[in-house]
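Here's the letter readout for the chains.
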Amino acid sequence: MSLRLSVIGTGYLGATHAACMAELGFDVIGLDVVQGKVDLLNDGQVPFYEPELEEVLQRNIQAGRLRFTTSFQEAAEFATVHFICVGTPQQSGSYAADMTQVFGSVSSLAPHLKSGDLVVGKSTVPVGTATAIAEQLALAAPGVDLAWNPEFLREGFAVQDTLEPDRLVIGVRSGPAEATLREVYAPLIAKGTPFLVTDFPTAELVKVAANSFLATKISFINAMAEVCEAAGADVVQLAEAIGYDTRIGNRFLNAGLGFGGGCLPKDIRAFMARAGELGAEEALTFLREVDQINLRRRSHTVDLAAHELGGVLRGKNICIFGATFKPDSDDVRDSPSLDVAVALANAGAVVVVHDPKGTVNAERVYPTLTYSTDITKAATDADLIIHGTEWMDYREIDPRELIAVVRTPNIIDARNKLDIDVWRSAGWNIRALGRPAA
Ligand code: UDX
């Protein structure tokens, strides 16, 4: 009989993992402590926007392989392999990760586990967490094994990244734990996915090291954008030119408003905090600079907006294109674009934020801004537009048409994705981060 799996936590990671494991043919039960989320999921609805996920969810619910519950007892009794997919947000007032949900879910699960079960951590955690959980399980659930299996999925590509990952990494202490995870991921391993077996701390570190590298790559090119701005050079051409060197590569080298979201910013901060606890603080001081460069892009965009508006923001109509931290998502956590919108509103500008999918979430966090899902309405009477999130919708705009509704044709391309020549020849004053003024 094939393995039965439980997935604890149904955020971006857990909901996707549960649906994709069912897609691989396993019987899966997903758990969340929020009844409303469980009801939506059982009804075949994803509580957030993620392309492809709803189809996979519905297909597997209909096939009888997937259901959701709020009961730890039901999940523990149903399955033998239990994936921990809960959140590890940044603690308020500190760089460190808030581990309440991770340790809390293990405590709730442990009394119901059976000897021989395997708990698999997937959440992004400070190195050393797996060892602590192994100790917790040894006391609360004797005979239950633990593995650490970090997840590398990107929002917007969550299904694809789960079913066709670049690699699988598992940290284990026992042969049976490795054998069980080889069985879970057999279809992916058969397709040639690299499968790396490590110890606990290495598996935990792989995740934060990968995210730190990605964040560093983005901040590197944004630091070059700062130099380009000072020197009158063009960071887009510079990135293209260095990216042809295959040792550097052109992916994740887009200069602009920088990184946001629920992962990169808080993961590099939690990594610094943990390194400090371990006495390895110096090794990661560069990440502080990576964070600073990233945040400077936001304040620079606000300054550039003021500059383009003749030094006056108060009373100016500013339309922001994009509320989410990246396109193809409705996630507004630590969104650079929304941060800029709030800073401009605080400086007295009248701000309207447009987003195809993110306005509901954005309004929940910043209810005082004005939102629209109609590009033309959002841009009407604008003194300035800021392209802050690179949804395809904005590349499809005809600047010759949009110019008719704005008050002054000023646009800042903070993502370097608009065709500058097309906008300029349509009559716009367009500025782009890290690129020379006309
Ligand atoms: C990231 C990692 O990519 C993923 O592997 C990990 O599991 C979770 O964190 P995600 O947060 O979904 O995934 O977003 P990602 O696509 O990595 O983008 C992060 C941010 O960086 C976005 O705000 C994006 O706009 C920005 N970015 C990305 C850039 O500014 N420039 C780039 O070249 C690439």
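Residues numbered from 1 in each chain as written. Predicted model: local features only at pLDDT ≥ 70, side-chain atom pairs only at ≥ 80, totals over all residues. Heavy atoms only, no water.

Caption draft 1: A look at the pattern of salt bridges. A full pass over the atoms with the stated rule returns 22 salt bridges. Here Glu-23 makes a salt bridge to Arg-59, at a shortest N to O gap of 2.8 Å. On the criterion of sequence distance, the pair formed by Glu-23 in helix H1 (residues 12-23) and Arg-59 in helix H3 (residues 53-62) is long-range, its members being 36 residues apart. On the accessibility criterion, Arg-59 (42% relative accessible area) is partly exposed. (Salt bridge = Lys/Arg side-chain N within 4 Å of Asp/Glu carboxyl O. Helix = DSSP H or I, 4+ residues; strand = E, 2+ residues; numbered from the N terminus. Buried < 20%, exposed > 50% of the residue type's maximum accessible area, 1.4 Å probe, protein only.)

Caption draft 2: Inspection of the sheet that holds strand E6 (residues 145-148) at higher detail. Read from one edge of the open sheet, 8 strands run E3-E2-E1-E4-E5-E6-E7-E8, paired in mixed fashion. Single-partner strands in this sheet number two, and they are strand E3 (66-69) and strand E8 (195-198). Looking at each pair of strands side by side, their axes are set apart by 25° on average, direction ignored. Pairing of strand E1 (residues 4-8) with strand E2 (residues 27-31), which is carried by 5 bridges, proceeds in the parallel orientation. Counterpart to Arg-4 in the pairing with E2 is Asp-27. Across the sheet, helix H5 (residues 100-109) is in contact with E1 and strand E4 (81-84); its angle to E4 comes to roughly 155°. (Pairing = 2+ DSSP bridges. Axes fitted to C-alpha atoms, helices over the stretch in contact; angles between N-to-C directions. Contact = heavy atoms within 4.5 Å.)

Caption draft 3: Quick look at H5. Here H5 has its buried residues at Val-102, Ser-105, Val-106 and Leu-109. For H5, the angular spread of buried residues about the axis comes to 100°, placing them on one side. Buried positions along H5 lie against E1, helix H4 (72-78), E4 and helix H6 (129-140). (Arc of directions from axis to C-beta.)

Caption draft 4: Representation of the packing of H1 against H3 in the model. Viewed as axis vectors pointing N to C, H1 and H3 meet at an angle of 50°, and their least axial separation amounts to 9 Å. Taken as axis vectors, H1 and H3 run oblique relative to one another. Viewed along their axes, H1 and H3 form a crossing whose handedness is left-handed. Contacts between H1 and H3 pair Ala-15, Thr-16, Ala-19, Cys-20, Ala-22 and Glu-23 from the former with Leu-53, Val-56, Leu-57, Arg-59 and Asn-60 from the latter. Partitioning the contact of H1 with H3 into residue classes produces 7 nonpolar, 2 polar and 2 charged. (Parallel < 35°, antiparallel > 145°, perpendicular 65-115°, else oblique. Left-handed = near helix turned anticlockwise from the far one by under 90°. Nonpolar A, V, L, I, M, F, W, Y, C, P; charged D, E, K, R; others polar.)

Caption draft 5: Region of the structure containing the side chain of Arg-431. For Arg-431, the location among the structural elements is in strand E14 (residues 429-432). Ignoring any residue separated from it by four or fewer positions in sequence, one finds Arg-431 in contact with Leu-304, His-307, Glu-308, Ile-411, Ile-412, Asp-413 and Ala-437.

Caption draft 6: Just the pairing of E14, in detail. Relative to E14, strand E13 (residues 410-413) runs parallel, the two sharing 4 bridges. Within the sheet, the bridge partner assigned to Asp-413 lies in E14 and is Ala-432.

Caption draft 7: The arrangement of the sheet that holds strand E12 (residues 384-387) in detail. If you walk across this open sheet you meet the 6 strands as E11-E10-E9-E12-E13-E14, and the pairing is parallel. Both outer strands of the open sheet, strand E11 (370-372) and E14, are each paired with one neighbouring strand and no more. Sheet twist, expressed as the mean angle between neighbouring strand axes with direction ignored, is 20°. Where strand E9 (residues 317-321) meets strand E10 (residues 350-354), 5 bridges bridge the pair, whose relative direction is parallel. By the bridge assignment for E10, Asn-317 is matched with Val-350.

Caption draft 8: Representation of unusual backbone geometry within the structure. A positive phi angle, near 45°, is found at Asp-334, a position not held by glycine. For Asp-381, which is not glycine, the phi torsion reads 70° and is therefore positive. What makes Asp-381 partly exposed here is its relative accessible area of 41%.

Caption draft 9: Molecular detail of the nonpolar core. Ranked by internal contacts, the top residues of the largest apolar core, which has 41 residues, are Leu-5, Val-28, Leu-66, Phe-83, Leu-181, Val-184 and Tyr-185. In terms of residue count, H1 provides more of this core than any other element does, 8 residues in total. Counting residues in hydrophobic clusters, the runner-up holds 33 residues, among them Ile-8, Leu-109, Ala-134 and Ala-203. (Core = buried A, V, L, I, M, F, W, Y, C linked by side-chain atoms within 4.5 Å.)

Caption draft 10: The site of the ligand, seen in detail. In the region of the ligand, 20 residues are neighbours, and Phe-152, Leu-153, Glu-155, Phe-325 and Lys-326 sit closest. The contact in question runs from an oxygen atom of the ligand to an N or O atom on the backbone of Glu-155, over 2.7 Å. Burial of the ligand by the protein amounts to 93% of the accessible area it has alone, namely 670 Å². Broken down by element, the residue count for the shell around the ligand peaks at 4 residues, all from helix H10 (residues 200-231). Of the residues in the shell around the ligand, the class split is 10 nonpolar, 4 polar and 6 charged. Looking at which domains feed residues into the shell around the ligand, each of domain 1 (4-198) and domain 2 (291-432) supplies at least three. (Near = heavy atom within 4 Å. Polar contact = N/O pair within 3.5 Å; in protein donor to acceptor, adjacent residues only side chain to side chain. Areas by Shrake-Rupley, 256 points an atom, 1.4 Å probe, with all protein chains shown as cover. Domains from an automatic or database assignment.)

Caption draft 11: Quick look at the domain arrangement of the protein. For the protein, the domain assignment lists domain 1 (4-198) and domain 2 (291-432). The C-alpha centroid of domain 2 is placed 37 Å from the C-alpha centroid of domain 1. In this assembly, 8 residues from domain 1 lie in contact with 9 residues from domain 2. In this assembly, domain 1 packs against domain 2 so that about 690 Å² is buried in total across both faces, 46% of it on carbon and sulfur atoms. For the domain 1 face of the interface with domain 2, the top three residues by lost area are Tyr-12, Tyr-49 and Glu-155, together amounting to 74%. Summed over the shared surface of domain 1 and domain 2, the number is 1 salt bridge. Taken together, the residues that form the side of domain 1 that touches domain 2 break down as 5 nonpolar, 1 polar and 2 charged. (Buried area = accessible area lost by both parts, 1.4 Å probe.)

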